[in-house]
Amino acid sequence: MYQHFRTFQGRKLTDQERARVLEFQDSIHYSPRYSDDVNEYRHVMLPKPMLKVIPSDYFNSEVGTLRILTEDEWRGLGITQSLGWEHYECHAPEPHILLFKRPLNFEAEMRAAAAAQQQQQQQ
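Residues numbered from 1 in each chain as written. Predicted model: local features only at pLDDT ≥ 70, side-chain atom pairs only at ≥ 80, totals over all residues. Heavy atoms only, no water.

- With an unreviewed UniProt entry as reference, the chain is termed Cyclin-dependent kinases regulatory subunit, source organism Maudiozyma exigua.
- Regarding the chain, the relevant UniProt record gives this comment under Sequence similarities (unreviewed entry): "Belongs to the CKS family."
- The record held by UniProt for the chain lists under Function (unreviewed entry) the comment "Binds to the catalytic subunit of the cyclin dependent kinases and is essential for their biological function." (UniProt positions renumbered as here; feature names shortened; annotations may be inferred.)

Here it is as structure tokens:
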């Protein structure tokens, strides 16, 4: 389950890097969600010029796309989504497209866990 107090994972952007990437935040496009029997998915399209200001160590130099980013890293780029999403792939022909997934029942399980924890605290 997601913990509110945890340490940052990945590499934090410097203040200067963050200011440059956040200039593009309003232009980030989020696809509708789609699913299979196990996961729900969505893709996030970054504005192509944004790729030029993302630090080079966020990229996989072998294929020229962003590497798989931790949640803290993609949130640091200005991507905003509800909890539970995992960056699992970049679309190589279009390196500005990031693919995300999470378990299909993630939100229901999270609500049930929160309700159980609240009930336990009341006892």
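After presenting the structure, the write-up continues.
## Examining the pattern of salt bridges
- The full count for this structure, using the stated rule, is 7 salt bridges.
- Residues Asp57 and Arg11 are paired through a salt bridge, measuring 2.5 Å at the closest nitrogen-oxygen approach. On the criterion of sequence distance, the pair formed by Asp57 in the loop between β3 (39–45) and β4 (59–60) and Arg11 in the segment before α1 (15–22) is long-range, its members being 46 residues apart.
- A residue is classified by how much of its surface remains accessible, and Asp57, at 36% relative accessible area, is partly exposed.
- Note that Glu40 is salt-bridged to Arg102, the shortest N-O span being 2.7 Å. Residue Glu40 is found in strand β3, and its partner Arg102 is found in strand β7 (residues 97–103); the two are separated by 62 residues along the sequence.
- Sharing partners across several salt bridges, the network here consists of Arg33, Glu40, Arg102 and Glu107. (Salt bridge = Lys/Arg side-chain N within 4 Å of Asp/Glu carboxyl O. Helix = DSSP H or I, 4+ residues; strand = E, 2+ residues; numbered from the N terminus. Buried < 20%, exposed > 50% of the residue type's maximum accessible area, 1.4 Å probe, protein only.)

## Here's the deal with the environment of Lys48
- Turning to its location among the elements, Lys48 is positioned in the loop between β3 and β4.
- Here the alpha-carbon distance between Lys48 and Glu94, two residues 46 residues apart in the chain, equals 9.2 Å.

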